Amino acid sequence: MNSQNSVAEERELLCAVALNAMLPLANERTLQAAYYILRGRKANQTLQDVHLYNLYPYYRMFPGFSKEDWDKIVATLFQNDYLQPCEGEGPSPKPTFLVTANGRQFAEHAYEKYGFAVWFAPFTRFDLAARIESFWQRLHLLVQTVSQLLGKDLGFVPVVMDKSVQQWVKEQVGPARLREAWEAGLSEELFRLWEPLQPQVQELLVAQLSGVSQVGKTLGQLAKQKQSSKVYLTLLFRYGLAASILRLSEEKQAFPLLSRLVVQENKLDPRLSDSAARTYALVQRGIHKAEIAAQRQVKESTVEDHLVEIALHCPEWDDADYLSSETRAAIMAASEQLQTSRLRLIKDRVGPTVSYLQIRLALARRQEESNE
Amino acid sequence: MNNEWQQQLQQHFGYGEFRPGQESIIKRVLAGKSVLGLMATGGGKSVTYQLPALLLPGITVVVSPLISLMVDQVQQLRTKRKIPAAYLNSTQEAAEAREVLQKIASGQCKLLYISPEKLQQPYVQQALKRATVSLFAIDEAHCISAWGHDFRTDYLRLPDTVKQLGNPPVLAVTATATTAVRDEICSLFGIDRENVVVQTLNRANIAYDLAEVGGESERRQLTFDLIDRLAGPGIVYCSTRQAVEVLVAAYQLEGKRHVDGYHGGMNSMERMLIQTQFLAGELDVIIATNAFGMGIDKPDIRYVIHYQLPASLEAYSQEIGRIGRDGQPGYAMLLYSQDDIHLHQYMLDKEYPTPAQIQQFCQLYGAGAPPDPKALASIDMSEEMAAMLTFYTERALVKAQVSTTTEMANPVQDIWQETEKRKAVKQKKLAEMRSYVLTDRCLRKHLNQYFGESDLGFTRFCCSRCGLQRESYEGRQTALLQREVQNSWNLRQALDMLLPKK
Ligand SMILES: [Zn+2]
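Residues numbered from 1 in each chain as written. Chains lettered and ligands numbered in written order. Predicted model: local features only at pLDDT ≥ 70, side-chain atom pairs only at ≥ 80, totals over all residues. Heavy atoms only, no water.

Under an unreviewed UniProt entry, chain B has the name ATP-dependent DNA helicase RecQ and belongs to Brevibacillus parabrevis.

By the naming in an unreviewed UniProt entry, chain A goes by Helicase Helix-turn-helix domain-containing protein and is assigned to Brevibacillus parabrevis.

Next up, the structure:
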């Protein structure tokens, strides 16, 4: 493939990713909803969408996306007749969109052609997107440091500037015994961890790392070298990291060193935004939302946003204090009859005694129950 | 040279002797004088405060506006030079800052790099008083001057801070300062004439070239041709991120050299990788915005091309100052067009407020604390402009408290006059930049005269006005290709390479 082709591939892939993410959102959400998901916005509406429509693989796939990038993609999708604008339903409709038969066909064809099913497979849990980045930063700096230690050259500039990551690596290689264990065992554990992956994914992971004998390449540089597109390599890269995290979490004994990278510190719950995590700590002590709002000096509506976030990410939380099982059933029934997740429509159906918070909590928990 | 100094210089910095100017600055500083040091970029500014820090009791404070540079320097001091150094800036977490403050108060720290705004916090000043500041160094000292191209309002508070800290001697260092800026720094910090030390600012090994271009395609063609021919490593400076991206993509399609881009919009790991590749000689050329180059320690950069006109001669000389720090010949090319000047003018007009904008800002401010981003968005004002207006508004309020009420009749007018003064300074900088590209006399003479330097010596060629042969800076060698062709992928081999057996 020459570079002209990889530019074409890049464009096709971006459209394919966007359209596949938009399929379930059609007629329900605005054109922007998928943009927020791909960018990885932390807002509750976005998190809820990811959860309700099972869009985990797409969440935070392109954190560097700008609005202009997105508008360009959407314009192409309209030009190719893959999308049609559409008026929303209900008393205060927001404009939404429909995917045409053409669009559906293109989306399915590209899904097949680029092997999305393979690359998306590990993304079955919500927290992976958030963990990928810190995992990669830790791994990158750790490998660089151990490589420099092995090469007996400590005058290097760390590739990761993030303070907390540097601190973590320092803790790993500081104590002499632990340092020796890393020096002796890192290469072997990485080999066992990555050996089952596709060779192209292995190469993608190793080539980006830095150490005493190599400076890591950027994804853009590797795309050029492989005459592939950066978007495609992004899919493979995220797959490689997610698969690594899952395996390390499941087989801690087999990877005594590398499993340290996936240990969750119990400072603030990493599944939540910092503010929601602070609220969760109080919720767990049995404090009611009004009191939490007062203690934390935030609006009660903010605490309610947190509760929804907690309902989404923390399956162990019991929301019975806020939502009785009868109310939950009524909300679910309304949502199903109306075939929608739009709060306003559901609220109109179930009546004034049910609050928006209750509807949001019920919807947040829906996916989980259908899995059981 | 004093024996102890020499020993420290050798032990911590690995140099046998001082570079020009360093010794006379250090001598004065150690004698307790306040000093202004004018050092060429790459002339070894930092040694002039790092070495005294080791020899003096107490702590040396280094004020620096550049956070990334601060972090780099402290990292180097700790690992390579074994000097107990630390930094404080607003990017740190509270716990980390507390730890640093404890170290300072208990005297475990010889050198503290600090950002000007952090220095204003009372608890920081208290910790410093306890540790006793023996030297107050100000990096990029030209930032204090309203005449400077980089004026920072935070810097204006520094003379007061020096008093707060018990008047330790001040060492102001800068690479770029015109006579007016020098005079202002001296009067603000009470520096005597005989304690102004000027290292020659003339860069004898750099040849200055200049070309006017008609349009974008001509500009690009000329640049690509230069990149293909000139001996590297080199840097191409563009004025926007977008220009960097477009140029990199276009060159990579057709060019011969290994080229990549660098700008503030890339994520930090990507930037670090590109920078490291350049330092390791894996890239011939970096195409970058002015975000690239601060604190880069690469002595063999052979050329810098300016794809567009920089905003001031100060910025220009700082950027080409990165050429040839090894003393070997180097080449600086500046491309410009009439459009460049118009573009700078447009940006300048956008940067400073109109009276109506000041009026709106003062109304928001009157409501209480400085306005939040939402309020700013409602009057369509950038955060940069708001920061500038906050400063001037606060100052106007302070002035109002000490003067009679009648004088405070129109703060908007007062503030507008202040910002217009600032704008006029930048306007003048732009005019000076313009006159540099339009001159028909020697470029070296023009540039050096601007900085008050009379030395005009040169090693290979002087400039395109005096006559230079571009071919003499050409070279065919390209960056090493890093195992680009690999026969077959082997995970075990790749890992053995990355993590060699002990
Ligand atoms: Zn000349």
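Now for the pattern of salt bridges. Using the criterion set out here, one finds 29 salt bridges over all chains in the structure. Salt-bridge contacts for B:Lys501 lead to B:Asp496; the nearest nitrogen and oxygen are separated by 3.5 Å. We classify B:Asp496 as partly exposed; its relative accessible area is 30%. One salt-bridge network, held together by shared partners, links A:Lys289, A:Glu300 and A:Glu304. (Salt bridge = Lys/Arg side-chain N within 4 Å of Asp/Glu carboxyl O. Buried < 20%, exposed > 50% of the residue type's maximum accessible area, 1.4 Å probe, protein only.)

Now for the coordination of the zinc ion. When a metal carries six donors in an octahedron, the ideal angles between them are 90 or 180 degrees, while four donors in a tetrahedron ideally lie at 109.5 degrees. Residues and elements named next belong to chain B. For the zinc ion, the protein coordination sphere consists of Cys442 (SG), Cys462 (SG), Cys463 (SG) and Cys466 (SG), at 2.3 to 2.4 Å. Classification of the site at the zinc ion rests on its four donor atoms, whose angles at the metal span 99 to 118°, yielding the label tetrahedral. The motif formed by the donor residues of the zinc ion, counted along the single chain, is C-x19-C-C-x2-C. Residue classification places Cys463 among the buried positions, given a relative accessible area of 0%. (Donors = N, O, S within 2.8 Å, 3.2 Å for Na, K, Ca; no water. Tetrahedral: all angles 85-135°; square planar, octahedral: opposite > 155°, others 65-115°.)

We now examine the environment of A:Leu307. Residue and element names in this part refer to chain A. Of note, Leu307 is situated in helix α15 (residues 300-313). Considered as a pair, Leu307 and Phe135 are 172 residues apart in the sequence and their alpha carbons are 27 Å apart. Excluding its chain neighbours within four sequence positions, the residues that come into contact with Leu307 are Val283, Lys289, Trp317, Tyr322, Leu357 and Leu361. (Helix = DSSP H or I, 4+ residues; strand = E, 2+ residues; numbered from the N terminus. Contact = heavy atoms within 4.5 Å.)

Listed by partner, the interface residues are 44 residues for chain A and 34 residues for chain B. Buried surface at the junction of chain A and chain B, summed over both partners, amounts to about 3,400 Å²; 62% is from carbon and sulfur atoms. The residue B:Glu270 makes a salt bridge to A:Lys230 at a minimum N-O spacing of 3.5 Å. In this assembly, chain A and chain B are joined by nine residue pairs in polar contact (both at pLDDT 80 or more). The set of elements that each furnish at least two residues to the side of chain A that touches chain B consists of α7 (128-150), α8 (163-173), α9 (176-194), α10 (199-207) and α11 (219-225) of chain A. Tallied by class, the residues present in the side of chain A that touches chain B amount to 18 nonpolar, 17 polar and nine charged. (Buried area = accessible area lost by both parts, 1.4 Å probe. Polar contact = N/O pair within 3.5 Å; in protein donor to acceptor, adjacent residues only side chain to side chain. Nonpolar A, V, L, I, M, F, W, Y, C, P; charged D, E, K, R; others polar.)

Looking now at the domain arrangement of chain B. Looking at chain B, the domain boundaries give domain 1 (3-198) and domain 2 (206-343 + 461-473). Centre-to-centre, using C-alpha coordinates, domain 1 of chain B lies 31 Å away from domain 2 of chain B. (Domains from an automatic or database assignment.)

Attention now moves to the sheet that holds strand β12 (residues 303-306) of chain B. Residues and elements named next belong to chain B. If you walk across this open sheet you meet the six strands as β8-β13-β12-β9-β11-β10, and the pairing is parallel. Two strands bound the open sheet, and with one partner strand each, they are β8 (206-212) and β10 (259-262). Between one strand axis and the next, the sheet turns by 15° as a mean value, whatever way the strands run. Both β10 and strand β11 (residues 285-288) contribute to a ladder of four bridges, which runs parallel. Paired with Val259 across the two strands is Val285, which belongs to β11. (Pairing = 2+ DSSP bridges. Axes fitted to C-alpha atoms, helices over the stretch in contact; angles between N-to-C directions.)

On to the sheet that holds strand β2 (residues 59-63) of chain B, then. All names here are of chain B. Strand order across the open sheet formed by seven strands is β3-β4-β2-β5-β6-β1-β7, with parallel pairing between neighbours. Lying at the two open borders of the sheet, with one neighbouring strand each, are β3 (85-88) and β7 (196-198). The mean angle between the axes of side-by-side strands here comes to 20°, regardless of whether they run parallel or antiparallel. Where strand β5 (residues 133-138) lies against strand β6 (residues 170-174), three bridges are found, and the strand directions are parallel. Counterpart to Ala137 in the pairing with β6 is Leu171.

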